[in-house]
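# Remarks on the overall topology
Now for the letters of each chain:
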Amino acid sequence: MTAAQKPHWTRHFPTLDQVDDPTGLGVLADAREIQAPEGTVVFRPGSVCEQYLLVTEGSVRVQQTSSSGREIVLYRVQTGESCVLTTSCLLGGNRYGAEGICETPVNGIAIPAPRFMEGIESSPGFRRFVFQGYGHRIAEL
């Protein structure tokens, strides 16, 4: 894939839309579009993170349940964002410590974990996108 053949969904992510190196373009080419109805549990505590998720439309609520059973909303992943917990799990090789639930119907992009790691290791543009999003979300929290 060439930079001119980039998938249409990258326009939701301006920094990602600038990726032009062969590895980064390959990662983008292997991404798949996904859809999930409202109420779908995207991930659960203890589950393995198998893909890097980007929301192109909709909202995912990330929450934990306290020992008393009360739900605590940590943050929301909305259009044009990635999930900081997913990024952390992929980078650290950890399991999820919270739950992600679609608050609305969600359209998104899923990049398989091995391709995500390849992009981090070998694509300056992809790495910049991931860490800018991660840094921005950490600053918000």
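Our structure is the block above this text.
Quick look at the structure, then.

About the cut-offs
- Residues numbered from 1 in each chain as written.
- Predicted model: local features only at pLDDT ≥ 70, side-chain atom pairs only at ≥ 80, totals over all residues.
- Heavy atoms only, no water.
- Pairing = 2+ DSSP bridges.
- Helix = DSSP H or I, 4+ residues; strand = E, 2+ residues; numbered from the N terminus.
- Axes fitted to C-alpha atoms, helices over the stretch in contact; angles between N-to-C directions.
- Phe/Tyr/Trp six-rings, centres within 6.5 Å; stacked < 30°, edge-to-face > 60°.
- Buried < 20%, exposed > 50% of the residue type's maximum accessible area, 1.4 Å probe, protein only.

The strand order across the open sheet formed by four strands is S2-S7-S4-S5, and the pairing between neighbours is antiparallel. Looking at strand neighbours, the two that pair on one side only are strand S2 (41-43) and strand S5 (71-78), the edges of this open sheet. In this sheet, adjacent strand axes meet at a mean angle of 30° when their direction is disregarded. Relative to strand S7 (residues 99-102), strand S4 (residues 59-65) is paired through four bridges, and the arrangement is antiparallel. Considered in S7, the bridge of Val60 is made with Cys102.

Before going further, it helps to examine the packing of aromatic side chains. A full pass over the atoms with the stated rule returns six aromatic pairs. Judged by centre distance (4.7 Å) and plane angle (40°), the rings of Tyr52 and Phe116 are tilted. A residue pair is termed long-range when its members are at least 10 positions apart, and Tyr52 in strand S3 (residues 51-57) and Phe116 in helix H4 (residues 113-122) qualify at 64 residues. Here Phe116 falls in the buried class, since its relative accessible area comes to 0%.

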